[in-house]
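Residue strings, one per chain:
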Amino acid sequence: MDHTDHDHSKMAGSMAPPMVTGSHEDHLGGGGGGHMMKMTFYFGYTNVELLFASLVINTPGEMVAACFGCFLLAVLYEGLKIGREFLLRRNQVNVRYNSMPVPGADGTMVMETHKTVGQRMLSMAHLLQTVLHVIQVVVSYFLMLVFMTYNAYLCIAVAAGAGVGYFLFSWKKAVVVDITEHCH
């Protein structure tokens with residue numbers, strides 16, 4: 001039996017919270033249920049929860065500030081990715097060259113050399129990489145959760161920030177292509 005329409009808050013000794021009615025129906029998803037999350041993209045700036053229940057956007061100015069913050073967070077994420085790659089390349093140690101004989105096209109043995117690069121586990125560089133990785137994962141989940149609000153303004157801000165961040169940071173990314181590698 002459904003008892004959602006009963007108000008037990010006026011009963012003596014009751015621990016039940018008062019029922020929410022009236023203007024909050026839009027925020028609760030309509031007719032008396034729990035909190036309903038939007039599952040389609042929408043353009044709006046009222047009653048938009050952003051990451052935390054206490055962070056609710058209700059004005060156009062708050063939406064502009066939230067979009068700017070999400071934009072910067074996406075730029076930071078792209079910068080973190082490229083920055084970690086740069087630090088990894090800079091701190092590589094234990095460079096070894098291994099030569100091994102392989103059969104050539106005409107049946108003769110040819111020496112092929114491979115470069116092996118390693119990094120020490122117990123080093124400040126690896127500790128820094130680990131901390132930056134954790135920050136990158138947390139930022140990526142925040143961006144995912146922002147996108148999952150389905151608010152079109154916030155989604156556009158995240159996508160634009162990712163694009164601008166890639167544009168700003170990825171041009172320095174050095175890509176080395178091994179022409180002998182067949183599994184690209």
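Residues numbered from 1 in each chain as written. Predicted model: local features only at pLDDT ≥ 70, side-chain atom pairs only at ≥ 80, totals over all residues. Heavy atoms only, no water.

Rules: UniProt positions are given in the numbering used here, feature names are shortened, and annotations may be inferred rather than shown by experiment.
As recorded in an unreviewed UniProt entry, the protein chain goes by Copper transport protein and comes from Salvelinus namaycush. On record in UniProt, under Function (unreviewed entry), the comment for the protein chain is "Mobilizes copper(1+) out of the endosomal compartment, making copper(1+) available for export out of the cells."

## Things to note about the packing of aromatic side chains
We count it as follows: Whether two aromatic rings pair depends on their centres lying within 6.5 Å, for rings of Phe, Tyr and Trp, where Trp uses its six-membered ring; planes under 30 degrees apart make the pair stacked, over 60 edge-to-face, and the rest tilted. Only DSSP runs of H or I covering at least 4 residues are called helices, and only runs of E covering at least 2 are called strands; the numbering of each starts at the N terminus.
All told, the structure shown has four aromatic pairs when counted by the stated rule. Between the aromatic rings of phenylalanine 41 and tyrosine 150, the centroid separation amounts to 5.2 Å while the plane-to-plane angle is 70 degrees, which identifies the pairing as edge-to-face. Highlighted residues: phenylalanine 41 in the loop between helix H1 (25-28) and strand S1 (48-50) and tyrosine 150 in the loop between helix H3 (124-147) and helix H4 (152-169), separated in sequence by 109 residues. Ring centres of phenylalanine 43 and tyrosine 153 lie 5.0 Å apart, and the angle between their planes is 70 degrees; on these two criteria the pair is classed as edge-to-face. With phenylalanine 43 in the loop between H1 and S1 and tyrosine 153 in helix H4, this pair connects stretches of sequence that are 110 residues apart. Linked through ring pairs, Phe41, Phe147 and Tyr150 together constitute an aromatic cluster.

## Structural notes on the state of the cysteines
Rules: Cysteine sulfur atoms are paired as a disulfide whenever they fall within 2.5 Å. Burial status follows relative accessibility: with a 1.4 Å probe on protein chains alone, a residue under 20% of its type maximum counts as buried, one over 50% as exposed, and anything between as partly exposed.
Within the structure shown, the criterion is met by zero disulfides. Its sulfur unpaired, cysteine 67 is 6.6 Å from the next cysteine sulfur, which belongs to cysteine 70. Here cysteine 70 falls in the buried class, since its relative accessible area comes to 5%.

## Focus: the nonpolar core
Where we set the bar: Buried Ala, Val, Leu, Ile, Met, Phe, Trp, Tyr and Cys residues that are joined via side-chain atoms within 4.5 Å together make up what is termed a nonpolar core. The contact definition used throughout considers only heavy atoms, calling two residues in contact when any of these lie within 4.5 Å.
Counting residues in each nonpolar core, the largest one holds 16 residues, and the members touching the most others are Leu50, Cys70 and Leu154. Looking at this core, the elements with two or more residues in it are S1, helix H2 (60-90), H3 and H4. For this core, the element with the most residues is H2, which contributes six residues. Discounting chain neighbours no more than four positions away, the residues touching leucine 50 are Leu55, Ile57, Ala66, Cys70, Val146 and Leu154.

## Here's the deal with the side chain of arginine 84
As a reminder, the rule being used: Here Asp and Glu are counted as negative and Lys and Arg as positive; His is not counted, and neither are the chain ends. What counts as a salt bridge is simple: a side-chain nitrogen of Lys or Arg found within 4 Å of a carboxyl oxygen of Asp or Glu. Here a polar contact means two N or O atoms within 3.5 Å. Within protein one must be a hydrogen donor candidate and the other an acceptor candidate, and residues neighboring in sequence count only if both atoms are side-chain atoms.
Secondary-structure assignment places arginine 84 in helix H2. Here arginine 84 is buried and forms no salt bridge, its nearest opposite-charge partner glutamate 85 lying at an N-O distance of 7.9 Å. At 3.5 Å, the side chain of arginine 84 and the side chain of histidine 133 are in polar contact. Leaving out residues up to four positions away in the same chain, arginine 84 has contacts with Gln129, Leu132, His133 and Gln136.

## Here's the deal with a nonpolar patch on the surface
Here is the rule: Every patch collects residues that have over 30% relative accessible area and no salt bridge, joining them within 9 Å if they carry like charges and within 5 Å if they are nonpolar side chains (Val, Leu, Ile, Met, Phe, Trp, Tyr). Under the convention used here, a 1.4 Å probe and the Shrake-Rupley method define accessible areas, while residue burial counts only the protein chains that appear.
Together, Met37, Met39, Leu51, Phe52, Leu55, Val134, Val138, Tyr141, Phe142, Met144, Leu145 and Met148 make up a nonpolar patch on the protein surface, roughly 1,100 Å² of accessible area in all. If you list the elements that add at least two residues to the nonpolar patch, you get strand S2 (52-57) and H3. In terms of residue count, the dominant contributor to the nonpolar patch is H3 (six residues). With relative accessibility at 48%, the residue valine 134 sits in the partly exposed group.

## Re the UniProt feature "transmembrane region" (unreviewed entry) in the protein chain
Residues annotated in UniProt with the feature "transmembrane region" (unreviewed entry) correspond here to residues 63-80, 124-144 and 150-169. Measuring from the first to the last C-alpha atom of residues 63-80 gives 25 Å, for a span that is 100% helix and 0% strand. With 100% helix and 0% strand, residues 124-144 has its two end C-alpha atoms placed 30 Å apart.

## Some words on H3
Short version of the rule: To estimate the expected span of a helix, count its residues, drop one, and scale the result by 1.5 Å.
Taking 1.5 Å as the rise per residue, H3 with 24 residues should run 34 Å; its terminal C-alpha atoms sit 34 Å apart, in good agreement. Among all positions in H3, only Gln129, Leu132, Gln136, Val139, Leu143 and Val146 are buried.

## Observations concerning the confidence of the model for the protein chain
To keep it simple, the criterion reads: The pLDDT score gives, residue by residue, the confidence of the prediction method on a 0 to 100 scale.
Per-residue pLDDT for the protein chain averages 75, and the proportion of residues at 70 or more is 65%. Mean pLDDT per element in the protein chain: H1 is the minimum at 43, and H4 is the maximum at 94. A low-confidence stretch, residues 11-33 (pLDDT under 50), is modelled with 20 contacts involving residues beyond four sequence positions or located in other chains.

## With respect to the packing of H3 against H4
Stated precisely, the cut-off is as follows: Axes here mean lines fitted to C-alpha atoms, for a helix over just the part in contact, with angles spanning 0 to 180 degrees between N-to-C directions. When residues are sorted by character, Ala, Val, Leu, Ile, Met, Phe, Trp, Tyr, Cys and Pro go into the nonpolar class, Asp, Glu, Lys and Arg into the charged class, and all the rest, Gly among them, into the polar class.
Their axes nearest at 8 Å, the elements H3 and H4 cross at an angle of 145 degrees. Here H3 contributes Leu143, Val146 and Phe147 to the contact with H4, which in turn contributes Leu154, Cys155 and Val158. Of the residues belonging to the contact of H3 with H4, the class tally is six nonpolar, no polar and no charged.

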